[in-house]
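# Breakdown of the fold
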Amino acid sequence: MSKKFWLIVPAVWALCSPCLHAQPRTLGLDEMFRLADENSVSLQTYATGREAAAEAVRTARLRRLPDVSASVSASYLGNGRIWDRDFSGSTRVPMPHFGNNFALEAQQVVYAGGAVSSGIRLAELDAELAGLDWEKNRQDVRFQLLGAYLELFKLDNQTRVLERNLDLARQVLADMRARYGQGTVLKNDITRYELQQEDLQLQLARVSDARTVVNHRMVTVLHLPDSTVIVPDSAVLADEVKALGQDAWQQTAARTNLDLRRAATGIEVNRQLVRQVRSERLPQV
């Protein structure tokens, strides 16, 4: 065989291997959200910020405790020598050579004008903001995944419809060709159905490409193997959606809206900053 053949075979195998090793995985909403919480890089970044804010709270609370410092020192002295007034002679005087010192000091702030409490409260509010940022990012990730999940439902339905229509078009085309041989159908009729079949094949290829893109986006966010083919769980469609009135939706939005909660926390942060600035002008004891 030619060298060109041995070069083409590995290339074809490399292109086809992802399809051959595709791993379908039926994924429900709960499992999808769990994987997002565990593997989303964006969520992990915000989780690190939340942990840093919690550590800042612990550091701020330590200011209420006394500051304790300890020191240890050691020294060495040689023997002394006493000189005559005219420096004509000297006398050697033995002295203790080694010395050491240990000191332990504790300081406690008695009054700081509320600066310590205000600093602790500011750290707690920063931790609350970090938690809200994490929750907001988690919500955004879930919305994006849910949109992609529903998109898979739609694309899979379109695929089934197109495949069914394509099968019907093939059957009709086969029947038309048989009738053409009998002289009861014109060539133009066959051409029209051939174009219809090609159009259906083109639509099917576009839907398949769109599904591949959506599937890759979800696999990337969830950190699943690249060969995973996500199959939406059809049991989700059986869940009943409760209809709520306008007032109920507005009350739910006002209670759970993260932007409103973050704005309220920001107002409290500014109040604490004003208190802290005022407390810094007072004497500390």
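Each value, and the rule that gives it
Residues numbered from 1 in each chain as written. Predicted model: local features only at pLDDT ≥ 70, side-chain atom pairs only at ≥ 80, totals over all residues. Heavy atoms only, no water. Helix = DSSP H or I, 4+ residues; strand = E, 2+ residues; numbered from the N terminus. Buried < 20%, exposed > 50% of the residue type's maximum accessible area, 1.4 Å probe, protein only. Contact = heavy atoms within 4.5 Å. Areas by Shrake-Rupley, 256 points an atom, 1.4 Å probe, with all protein chains shown as cover. Pairing = 2+ DSSP bridges. pLDDT = per-residue confidence, 0-100.

### Describing the overall build of the protein chain
A tally of helices and strands in the protein chain yields 7 helices and 6 strands. For the protein chain, the succession of helices and strands along the chain, N to C, is α-β-α-α-β-β-β-β-α-α-β-α-α. Relative to its 285 residues, the protein chain shows a buried fraction of 24%. Long-range contacts, defined as pairs at least 24 residues apart, comprise 74% of the intrachain contacts of the protein chain with a sequence gap of at least 6. Looking at the protein chain as shown, the accessible area adds up to about 20,500 Å², and 57% of this sits on carbon and sulfur atoms.

### So, the pairing of strand S4 (residues 90–93)
Where strand S3 (residues 80–83) lies against S4, 4 bridges are found, and the strand directions are antiparallel. Bridge pairing in S4 links arginine 81 to arginine 92. With antiparallel pairing between neighbouring strands as the criterion, S3 and S4 make up a hairpin whose turn holds 6 residues, including phenylalanine 87 at a positive phi of roughly 60°.

### Looking at the confidence of the model for the protein chain
Chain-level statistics for the protein chain give a pLDDT mean of 81 and a share of 84% at 70 or above. pLDDT under 50 marks residues 14–19. Its contacts with residues more than four places away, or in other chains, come to 0 contacts.

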